Amino acid sequence: AQSVSQHNHHVILSEAASLELGCNYSYGGTVNLFWYVQYPGQHLQLLLKYFSGDPLVKGIKGFEAEFIKSKFSFNLRKPSVQWSDTAEYFCAVILWEGGGADGLTFGKGTHLIIQP
Amino acid sequence: DVKVTQSSRYLVKRTGEKVFLECVQDMDHENMFWYRQDPGLGLRLIYFSYDVKMKEKGDIPEGYSVSREKKERFSLILESASTNQTSMYLCASSFVAGGPIEQFFGPGTRLTVL
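For clarity, every value in this text was computed on a predicted model and none was experimentally measured. (Residues numbered from 1 in each chain as written. Chains lettered and ligands numbered in written order. Predicted model: local features only at pLDDT ≥ 70, side-chain atom pairs only at ≥ 80, totals over all residues. Heavy atoms only, no water.)

S.K.: Can you tell me about the interface of chain B and chain A, naming the residues and giving the values?
M.R.: Counting residues at the interface gives 24 residues for chain B and 22 residues for chain A. Overall, the association of chain B and chain A removes approximately 1,800 Å² of surface from exposure, summing both partners, and the carbon and sulfur fraction of that is 59%. Where chain B touches chain A, the interface holds one salt bridge. Of the charged contacts, one joins Lys49 of chain A and Glu102 of chain B as a salt bridge, the two residues approaching to 2.7 Å between their closest N and O atoms. Every element with two or more residues in the side of chain B that touches chain A is listed here: strand 4 (31-38) and strand 5 (42-49) of chain B. Its residues placed into classes, the side of chain B that touches chain A shows 14 nonpolar, eight polar and two charged. (Contact = heavy atoms within 4.5 Å. Buried area = accessible area lost by both parts, 1.4 Å probe. Salt bridge = Lys/Arg side-chain N within 4 Å of Asp/Glu carboxyl O. Helix = DSSP H or I, 4+ residues; strand = E, 2+ residues; numbered from the N terminus. Nonpolar A, V, L, I, M, F, W, Y, C, P; charged D, E, K, R; others polar.)

Pasting the structure below:
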């Protein structure tokens, strides 16, 4: 079964610091990759996604992620974080075998706290 | 905009009660999903459905069942609630396409079983 590993469970940064959250997955087939974010008290929202093509994908709020197939990684980055980026971040993978009716496999999440 | 709604934001039930969690999506999506979210464990798939009256077990189906009588509605049923089912439950939906798919999530139902 495929699995997703997020390296850091809790990250604390100061405003304007750079951010990189690691994500590795275990499956070697064709996958679609996602980062979701959950702000305090809000529902899960899509931050960005990779389906194919350019391995560097840009999402909302200045986030980007790079898909490195050889490393089975999909790390999330932001050059300069803001206090409003405080949230829980989830990496997710879905196996693409036509139709895509399977559920997402999520990492355990990274709780990011930005200190003013 | 895709809208996925869940019947309750907060629910408190007693051990042994039968519990129904309802989810409705308004975008004519074929696929619907139920996840539970627990601190330190992320989201885990309970059940999913790719068509009316069709259902598939996810990673943690024990203690749960589902019902999909209409395309837009997907219900999660706890036949006899237990305290270890206290959790946040998230519903999601997606459409079937010839390519990759993205899931859209509802706001969640926080269930407490006493």
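The discussion continues.
S.K.: I'd like a rundown of the environment of Phe63 of chain A, residues and numbers included.
M.R.: Residues and elements named next belong to chain A. Along the chain, Phe63 falls in the loop between strand 7 (56-58) and strand 8 (64-68). Judged by its relative accessible area of 1%, Phe63 falls in the buried class. Excluding anything up to four places from it in sequence, Phe63 contacts Leu19, Leu47, Leu48, Val57, Lys58, Leu76, Arg77, Lys78, Asp85 and Tyr89. (Buried < 20%, exposed > 50% of the residue type's maximum accessible area, 1.4 Å probe, protein only.)

S.K.: Run through the nonpolar core, naming residues and quoting values.
M.R.: Note on soluble globular proteins: their nonpolar side chains tend to be buried together. With 28 residues, the main nonpolar core has Leu33, Trp35, Leu47, Leu48, Phe74, Leu76 and Tyr89 of chain A as its most contacted residues. Not counting residues within four places of it along the chain, the set of residues in contact with Leu47 of chain A comprises Trp35, Tyr36, Val37, Gly59, Ile60, Phe63, Leu76 and Tyr89 of chain A. Val4, Leu21, Met32 and Ala81 of chain B belong to the second-largest nonpolar core, a separate cluster that totals 20 residues. (Core = buried A, V, L, I, M, F, W, Y, C linked by side-chain atoms within 4.5 Å.)

S.K.: Break down the environment of Cys91 of chain B for me, citing the residues and quoting the values.
M.R.: Residue and element names in this part refer to chain B. Along the chain, Cys91 turns up in strand 9 (residues 87-94). Residue classification places Cys91 among the buried residues on the basis of a relative accessible area of 0%. In the structure, Cys91 is positioned 87 residues away from Val4 in sequence and 7.5 Å away in space, judged by C-alpha atoms. Leaving out residues up to four positions away in the same chain, Cys91 has contacts with Val4, Gln6, Cys23, Met32, Phe33, Trp34, Phe104, Phe105 and Gly106.

S.K.: Provide a residue-level description of the pattern of salt bridges, including the pertinent values.
M.R.: All names here are of chain A. The tally for this structure, following the rule as stated, stands at eleven salt bridges over all chains. Two residues, Arg77 and Glu66, come together in a salt bridge whose shortest N-O distance is 3.2 Å. Placement of Arg77 in strand 9 (residues 73-78) and of Glu66 in strand 8 is noted, with a sequence separation of eleven residues between them. A network of salt bridges, in which partner residues are shared, links Lys58, Glu64, Glu66 and Arg77.

S.K.: I'd like a description of the packing of aromatic side chains, backed by residues and values.
M.R.: For the structure on display, the rule yields 15 aromatic pairs over all chains. When the centroid spacing of 6.3 Å and the interplanar angle of 85 degrees are considered together, the rings of Phe90 of chain A and Phe106 of chain A count as edge-to-face. With Phe90 of chain A in strand 10 (residues 87-95) and Phe106 of chain A in strand 11 (residues 105-106), this pair connects stretches of sequence that are 16 residues apart. Its relative accessible area of 2% is what places Phe90 of chain A among the buried residues. The class of Phe106 of chain A is buried, set by a relative accessible area of 7%. Joined through ring pairs, the aromatic side chains of Phe34, Tyr36, Phe51, Phe90 and Phe106 of chain A together with Phe33, Tyr35, Phe48 and Phe105 of chain B make up one cluster. (Phe/Tyr/Trp six-rings, centres within 6.5 Å; stacked < 30°, edge-to-face > 60°.)

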